[in-house]
Amino acid sequence: MQTTVLASTLRANIYKMLDHVIETGQPILVKRGDRAVRILPVERPSRLKQLPRRRIVSGHAESLVSVDWSKNWKPGRL
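Quick caveat, the model's predicted, so the values are computed rather than measured. (Residues numbered from 1 in each chain as written. Predicted model: local features only at pLDDT ≥ 70, side-chain atom pairs only at ≥ 80, totals over all residues. Heavy atoms only, no water.)

Caption draft 1: Region of interest: the overall build of the protein chain. Within the protein chain, the regular secondary structure consists of three helices and three strands. From first element to last, N terminus to C terminus, the protein chain shows the α and β order β-α-α-β-β-α. The globule rule puts the C-alpha radius of gyration for 78 residues at 12 Å, and the 24 Å found for the protein chain is more than 25% above it. Overall size of the protein chain, expressed as C-alpha extent along the three principal axes, is 75 × 25 × 15 Å. For the protein chain, buried positions account for 14% of its 78 residues. In the protein chain, the share of contacts with a sequence separation of at least 24, taken over all contacts with a separation of at least 6, comes to 37%. If you sum the accessible surface of the protein chain, you get close to 7,700 Å²; carbon and sulfur atoms cover 55% of it. Charged side chains in the protein chain number 15 positive and 6 negative. The centres of these two groups are separated by 7 Å. (Helix = DSSP H or I, 4+ residues; strand = E, 2+ residues; numbered from the N terminus. Rg over C-alpha atoms; globule rule 2.2 N^0.38 Å. Buried < 20%, exposed > 50% of the residue type's maximum accessible area, 1.4 Å probe, protein only. Contact = heavy atoms within 4.5 Å. Areas by Shrake-Rupley, 256 points an atom, 1.4 Å probe, with all protein chains shown as cover. Lys, Arg positive; Asp, Glu negative; His and termini not counted. Charge placed at Lys NZ, Arg CZ, Asp CG, Glu CD.)

Caption draft 2: Broad picture of the sheet that holds strand β2 (residues 28-32). The three strands are arranged β1-β2-β3 in an open sheet whose pairing can be described as mixed. This sheet does not close on itself; its edge strands, each paired only once, are β1 (3-6) and β3 (35-39). Pairwise comparison of adjacent strand axes, ignoring direction, gives a mean angle of 25 degrees for this sheet. By the bridge criterion, four bridges tie β1 to β2 in an arrangement that is parallel. Bridged to Leu 6 within β2 is Lys 31. (Pairing = 2+ DSSP bridges. Axes fitted to C-alpha atoms, helices over the stretch in contact; angles between N-to-C directions.)

This is the structure we're talking about:
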């Protein structure tokens, strides 16, 4: 999704807006009168960085380290 702002808004928030473009990869369209320019990143960020963080392990991850799988594991079986 592209954000559209006026040149005066860009001037007031330029560093914040540039950081937003870099972090999200979403371009900004800057309007000045009847003309417009687009600010976009040279390299797009990884889509993996855009995924929301999810809590995968319910409980304490350290408890998984000491799980004894020897009763369920049989050599040669996948």
